[in-house]
Amino acid sequence: MKATAKAPANIAFIKYWGKKDVALRIPYNPSISMNLSACTTTTTVEFSNKFSKDEVFGVEPTRVIEHINRMRKLAGVTSHVRVETTNNFPSSAGIASSASGFAALTIATAGALGLSCSEKELTALARLGSGSACRSIPDGFVKWDGEFAYSLYPSDYWDLRDIIVVVGKTAKKVSSSEGHEAVETSPYFKNRLEAIPERIRKIEAAFQEKNFQALGEVIEEDCLDMHRVMQTQVPPLYYWNDMTKNIMDAVKGWRNDGLPVYFTIDAGPNIHLLCEGKDEQRLLEKLQGFPGIEEVIPNKPAEGARLI
Ligand code: PMV
């Protein structure tokens, strides 16, 4: 009763911020994301009657054990568990470690328990661990709507890049789980929900036409809109630092100089720069001379979570 799974982080183009149902982690709005090739979690889960207690290595155990309990119950198994997990990127810095973490944990646990679940059912299970984790299960470009997530296009559909610019590795002071729950206190939240259907329509059209400019414009608009809501919640959440803002300004300048690049930011200071594969080298050269950057992590679109 042992299995290992590997799952990618994902970056949302249309963001998930706010839960309609907190316990079930049902989002207020659909979100759309891309799986990230260079940011992965690998997790091994083993159940055995020989273990005298549950043990978790490499990550804070409380939510992991809650998730294991949910799945143990589903399988009718009572044995203790040993979980070992590693990320190949800094945790809790705005790269979604909870997404890759709970996606890998869900797939490895289902494998170790011998549960025969469909991909759709696995997305619903992963969602109960961490909302955005459900988007790390299907391949490539993924939409999460309500209970389930599914692939819109495979990873080789469009040669996009997400160049993550790491400008701060300190852990977040307020977790995104807590942040989601105060979303209704922002006076901008209602406007955000009203604007999202049109953004989803535009993103889906941009995908169909592979229109990068149209895609990038909606991605930036939705990122800034989510952060406006975060910054006006009670208590307010402000995730950017000076470097985040410096890079945001630089992106505008590079675009004016004819380099098609757009940014997005999650619940942390690091900034994700989106471009097409053909422009990756030019963008990396711009970043090379940029003061204050800690690390640059180029990602291609990736497959979803897998047993390995
Ligand atoms: O899954 P959570 O609770 O970590 O929420 C993630 C929220 C954002 O990363 C800020 C946006 C998103 O859609 O990924």
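Preceding block: the structure.
What you see is a predicted model; the values in this text were computed from it and never measured.

(A) Inspection of the site of the ligand at higher detail. Every one of the 14 residues lining the ligand counts as a neighbour, but Tyr16, Ser132, Arg135, Ser176 and His180 are closest to it. Tyr16 has a polar backbone atom sitting 2.8 Å from an oxygen atom of the ligand. For the ligand, an oxygen atom lies 3.2 Å from a polar atom in the side chain of Ser98. Within the complex, the protein chains bury 96% of what would otherwise be the 390 Å² of accessible surface of the ligand. Its residues placed into classes, the shell around the ligand shows 5 nonpolar, 6 polar and 3 charged.

(B) Spotlight on the packing of aromatic side chains. Enumeration according to the criterion identifies 10 aromatic pairs in this entry. Each ring, one from Tyr28 and one from Phe189, has its centre 5.0 Å from the other, and the planes form 70 degrees; the classification is edge-to-face. Of this pair, Tyr28 sits in the loop between β3 (26–27) and β4 (31–48) while Phe189 sits in helix α5 (residues 189–209), and the two are 161 residues apart along the sequence. Take Phe189: its relative accessible area is 5%, and that puts it in the buried class. Among the aromatic side chains, those forming a connected cluster through ring pairs are Phe13, Phe141, Tyr153, Tyr157, Trp158 and Phe207. A cation sits over an aromatic face here: Lys120 above Phe148, 4.6 Å from the ring centre. Directly above the aromatic system of Tyr157 lies the positively charged group of Lys210, at a separation of 4.4 Å from the ring centroid.

(C) Summary view of the pairing of strand β7 (residues 141–145). β7 sits mainly inside the fold: 4 of its 5 residues count as buried. Inspection of the sheet shows β4 paired to β7 by 4 bridges, in the antiparallel sense. The residue of β7 that forms the bridge with Ile32 is Lys143. Relative to strand β8 (residues 148–153), β7 runs antiparallel, the two sharing 5 bridges. The partner of Lys143 across the bridge, within β8, is Tyr150. Taking the residues that link successive antiparallel strands as the turn, the β7-β8 hairpin has 2 residues, and the phi of Gly146 there is positive, at about 75 degrees.

(D) Representation of the packing of α5 against helix α6 (residues 212–232) within the structure. At their nearest, the axes of α5 and α6 sit 9 Å apart, and the two run at 160 degrees to each other. In this view, α5 runs roughly antiparallel relative to α6, as classed from their interaxial angle. Every pair of crossing elements has a handedness; the one defined by α5 and α6 is left-handed. Judged by residue contacts, Phe189, Arg192, Ile196, Arg199, Lys202, Ile203, Ala206 and Phe207 of α5 engage Ala214, Leu215, Val218, Ile219, Glu221, Asp222, Asp225, Met226 and Val229 from α6. In terms of residue class, the contact of α5 with α6 is made up of 11 nonpolar, no polar and 6 charged.

(E) Examining the nonpolar core more closely. Counting residues in each nonpolar core, the largest one holds 32 residues, and the members touching the most others are Ile247, Trp254, Leu273 and Leu283. Beyond its immediate stretch of four places on either side in the chain, Trp254 contacts Leu259, Val261, Leu273, Leu283, Lys286, Leu287 and Phe290.

(F) Region of the structure containing the pattern of salt bridges. Evaluation of the coordinates by the stated rule reveals 22 salt bridges. Put simply, Arg192 and Asp222 hold a salt bridge, and the shortest N to O gap is 2.7 Å. Highlighted residues: Arg192 in helix α5 and Asp222 in helix α6, separated in sequence by 30 residues. Note on Asp222: relative accessible area 0%, which makes it buried. Of the charged contacts, one joins Glu221 and Arg199 as a salt bridge, the two residues approaching to 2.8 Å between their closest N and O atoms. Separated by 22 residues along the polypeptide, Glu221 in helix α6 and Arg199 in helix α5 bring together distant segments of the chain. Residue class for Glu221 comes out partly exposed when judged on its relative accessible area of 37%.

(G) Region of the structure containing the sheet that holds strand β12 (residues 295–299). Spatially, the 4 strands line up as an open sheet ordered β10-β11-β9-β12, and their pairing is antiparallel. Sheet topology places β10 (262–264) and β12 at the edges, where each strand pairs with a single neighbour. Pairwise comparison of adjacent strand axes, ignoring direction, gives a mean angle of 25 degrees for this sheet. Two strands pair when backbone bridges link them, and strand β9 (residues 160–166) and strand β11 (residues 271–276) are joined in this way by 6 bridges, in the antiparallel orientation. Bridging from a neighbouring strand, Asp162 pairs with Leu274 of β11. Contacts from α6 reach β9, β10 and β11, with the element oriented near 30 degrees to β10.

Reading the values: rules and limits
- Residues numbered from 1 in each chain as written.
- Predicted model: local features only at pLDDT ≥ 70, side-chain atom pairs only at ≥ 80, totals over all residues.
- Heavy atoms only, no water.
- Near = heavy atom within 4 Å.
- Polar contact = N/O pair within 3.5 Å; in protein donor to acceptor, adjacent residues only side chain to side chain.
- Areas by Shrake-Rupley, 256 points an atom, 1.4 Å probe, with all protein chains shown as cover.
- Nonpolar A, V, L, I, M, F, W, Y, C, P; charged D, E, K, R; others polar.
- Phe/Tyr/Trp six-rings, centres within 6.5 Å; stacked < 30°, edge-to-face > 60°.
- Helix = DSSP H or I, 4+ residues; strand = E, 2+ residues; numbered from the N terminus.
- Buried < 20%, exposed > 50% of the residue type's maximum accessible area, 1.4 Å probe, protein only.
- Lys NZ or Arg CZ within 6 Å of the ring centre and 35° of its normal.
- Pairing = 2+ DSSP bridges.
- Axes fitted to C-alpha atoms, helices over the stretch in contact; angles between N-to-C directions.
- Parallel < 35°, antiparallel > 145°, perpendicular 65-115°, else oblique.
- Left-handed = near helix turned anticlockwise from the far one by under 90°.
- Contact = heavy atoms within 4.5 Å.
- Core = buried A, V, L, I, M, F, W, Y, C linked by side-chain atoms within 4.5 Å.
- Salt bridge = Lys/Arg side-chain N within 4 Å of Asp/Glu carboxyl O.

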